Amino acid sequence: MDINRKLEILKTYQSPMYLYDAGVIQKQYTKLKSSLPEQFEIFYSMKANPLLVICQYMKSLGSRIEVASEGELHIALAAGFPVKDIIFTSPGKTYDELAYAIDKEIYSINVESFAELEIIQEIAQRKSVKVNVSIRINPDCDVSGAGMKMSGVPTQFGIDYKELMKNINILLQAPNVNFIGIHVYMGTQVLDANNIISSMSDVFRMALDIQAKAGTELKFIDLGGGFGVPYFKCDQELDLYALKSGVNKIWGEYRDKFRNARVAVESGRFLVAESGQFLTKVLYCKTSKDRSFVVCDGGSNFHANSAFLGRHVRNNFPMSILGKENEPVFETTIVGPLCTPTDVIGQRVMLPETEPGDYLVVEKSGAYGLTNSPVMFLSHPQPTEILVLDNTAHVLREHGKKEDFIEKQKGLN
Ligand SMILES: Cc1ncc(COP(=O)(O)O)c(C=O)c1O
């Protein structure tokens, strides 16, 4: 989209703003799909960006969906996903959430502990139904190289592989539970294709052992994913050619054994990160003790990820000043409007001379942006969210839209 059109959108709908490009989502989906064997299904991990319209768009591309709460399940259903294409993973599912998922008859509840299994059994018995479950496994060791490891280490996620093998009869003997498969999610932001391939190979090997021990054919094998995107200069793009040939090779070894199974991967970041830009208006430019600061109308309250929250690597997201892409650059620090020194979204970053009224553009902001941010802090108006689809800007969230909690609290005094 050209700069004038972007400025027009900013003037009409106001900053701060998330601007998503549906064309990029489509490109990323197609890239991932064509890097995997035909039989593999992609489940969109909507935690990366839960906007209804983005979920609907994923569905139109052929994606299935992975939810992590009752709230996400509501959105997935509202987006029109058939229940056979919905799976539910979370280490902390409440009784009510499980009951709701059971009522909706989603394809698989991915169980993370034997205690959770017991609750599912109890609810299913009360409702006189049989519930499809898969077991989220925490493998014996980590082969992922993930930026944030979620398996192969001591963790709240899943059931340790050894524990599952020891107690598998509990699962098989639960009368209202239908054990359909396994799930492994090793961690996020994996950029080395070999690590993804090793992990997939590991999951297939475990699946075979579990089938043998359980004496039942698995119908669902969820390989996880963790497909990463390069955010920083030091990051190497995930090699999709290597991924494709490695996964095909492994699938060649296991295809016949799992001919009747649904094989899944999950992806959030890879599908949506590249599609989004965060745009925030420059309010003030100042100097403090010889260091230059640019103060913007949105910061870590709306894009915590760019302010290093929850990240080990403290690098800056790629960013620029709208319309000044080719101007000489200087070192500056970009901050938001919060009353905390941690509200920094660009630490000693090289950018052109800026002035109030300019717009900072933070790239690769489509995943874990607003959804992963402390938006209530300091009560700033919510940012606008816009999806550009076929050159038309669709407003998904209006600037400043307040929740009705102010109204609710008014009645208390
Ligand atoms: C179980 C599970 N699946 C999928 C994802 C999505 O990961 P990503 O956005 O890296 O694809 C996550 C992220 O934390 C997760 O916990």
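Residues numbered from 1 in each chain as written. Predicted model: local features only at pLDDT ≥ 70, side-chain atom pairs only at ≥ 80, totals over all residues. Heavy atoms only, no water.

(A) Examining the pattern of salt bridges more closely. For the structure on display, the rule yields 19 salt bridges. Between E8 and R5 there is a salt bridge, and its shortest N-O distance comes to 3.5 Å. With a gap of 3 residues between them, E8 and R5 both fall in helix 1 (residues 3–13), about one helical turn apart. For R5, a relative accessible area of 24% gives the class partly exposed. Across the salt bridge formed by K162 and D140, the nearest N and O atoms sit 3.8 Å from each other. Of the two residues, K162 is situated in helix 7 (residues 161–166) and D140 in the loop between strand 6 (131–138) and strand 7 (148–149); the sequence distance between them amounts to 22 residues. A relative accessible area of 46% places D140 in the partly exposed class. Salt bridges linked by common partners bring E41, R64, K84, D85 and R262 together as one network. (Salt bridge = Lys/Arg side-chain N within 4 Å of Asp/Glu carboxyl O. Helix = DSSP H or I, 4+ residues; strand = E, 2+ residues; numbered from the N terminus. Buried < 20%, exposed > 50% of the residue type's maximum accessible area, 1.4 Å probe, protein only.)

(B) Spatial organisation of the site of the ligand. Near the ligand, the surroundings consist of 12 residues, among which Y185, T188, E266, R269 and Y368 are the closest. Within the side chain of Y185, one N or O atom sits 2.6 Å away from an oxygen atom of the ligand. E266 is positioned such that a nitrogen or oxygen atom in its side chain is 2.5 Å from a nitrogen atom of the ligand. Relative to its unbound accessible area of 390 Å², the ligand is 93% covered by the protein chains. Of the residues contributing to the shell around the ligand, the split by class is 3 nonpolar, 4 polar and 5 charged. (Near = heavy atom within 4 Å. Polar contact = N/O pair within 3.5 Å; in protein donor to acceptor, adjacent residues only side chain to side chain. Areas by Shrake-Rupley, 256 points an atom, 1.4 Å probe, with all protein chains shown as cover. Nonpolar A, V, L, I, M, F, W, Y, C, P; charged D, E, K, R; others polar.)

(C) Structural view of the domain arrangement of the protein. Under the domain assignment used here, the protein contains domain 1 (3–16 + 274–402) and domain 2 (22–267). Listed as interface residues are 21 residues of domain 1 and, on the opposing side, 19 residues of domain 2. Considering only the side of domain 1, the residues that lose the most area to domain 2 are E274, Y368 and L387, jointly responsible for 28% of the buried surface there. Counting the contacts that link domain 1 with domain 2 gives 0 salt bridges. (Domains from an automatic or database assignment. Contact = heavy atoms within 4.5 Å. Buried area = accessible area lost by both parts, 1.4 Å probe.)

(D) A look at unusual backbone geometry. With an omega dihedral of -5 degrees, the bond running from S15 to P16 counts as a cis peptide bond. Positive phi, close to 60 degrees, is recorded for E105, a residue that is not glycine. Note on placement: E105 falls in the loop between helix 5 (95–104) and strand 5 (108–111). The backbone of D290 sits at a positive phi, close to 70 degrees, despite the residue not being glycine.

(E) Highlighting the environment of Y231. Examined against the element boundaries, Y231 turns out to sit in the loop between strand 11 (220–225) and helix 10 (240–254). For the pair formed by Y231 and I3, sequence separation is 228 residues and the distance between their alpha carbons is 23 Å. Not counting chain neighbours up to four residues away, the residues in contact with Y231 comprise Q189, R269, A273, F317, P318 and K364. One polar contact links Y231 to R269, side chain to side chain, over a distance of 2.8 Å.

(F) How the structure looks around helix 10. Under the 1.5 Å per step criterion, the end-to-end length of helix 10 is 21 Å for 15 residues, consistent within 8% with the ideal 21 Å. The residue sitting at the N-terminus of helix 10 and contributing the capping side-chain oxygen is D239; that oxygen lies 3.1 Å from the backbone nitrogen of Y241. (Expected span 1.5 Å × (residues − 1).)

(G) Representation of the packing of aromatic side chains in the model. Applying the stated rule across the entire model yields 12 aromatic pairs. Ring geometry for Y107 and F220: centres 5.2 Å apart, planes at 85 degrees, overall edge-to-face. Of this pair, Y107 sits in the loop between helix 5 and strand 5 while F220 sits in strand 11; the two residues are 113 residues apart in sequence, bridging distant segments of the chain. Taking 5.0 Å as the distance between ring centres and 20 degrees as the angle between the ring planes, the aromatic pair formed by F204 and Y254 counts as stacked. Here the residue F204 occupies a position in helix 9 (residues 193–214), and Y254 occupies one in helix 10, the gap between them amounting to 50 residues. (Phe/Tyr/Trp six-rings, centres within 6.5 Å; stacked < 30°, edge-to-face > 60°.)

(H) View of helix 5. Those residues of helix 5 lying buried are E97, L98, A99, Y100, A101 and I102. Considering only its buried residues, helix 5 is in contact with helix 4 (70–78), strand 4 (86–89), strand 5, helix 6 (114–127) and strand 6. E105 lies just past helix 5 and shows a positive phi near 60 degrees.

(I) Examining the nonpolar core more closely. Counting residues in hydrophobic clusters, the biggest one holds 107 residues, and the most contacted among them are Y44 and F204. No other element matches the 10 residues that helix 9 contributes to this core. Built from parts of two domains, this core gets at least three residues from each of domain 1 (3–16 + 274–402) and domain 2 (22–267). L322, V361, V388 and A393 belong to the second-largest nonpolar core, a separate cluster that totals 11 residues. (Core = buried A, V, L, I, M, F, W, Y, C linked by side-chain atoms within 4.5 Å.)

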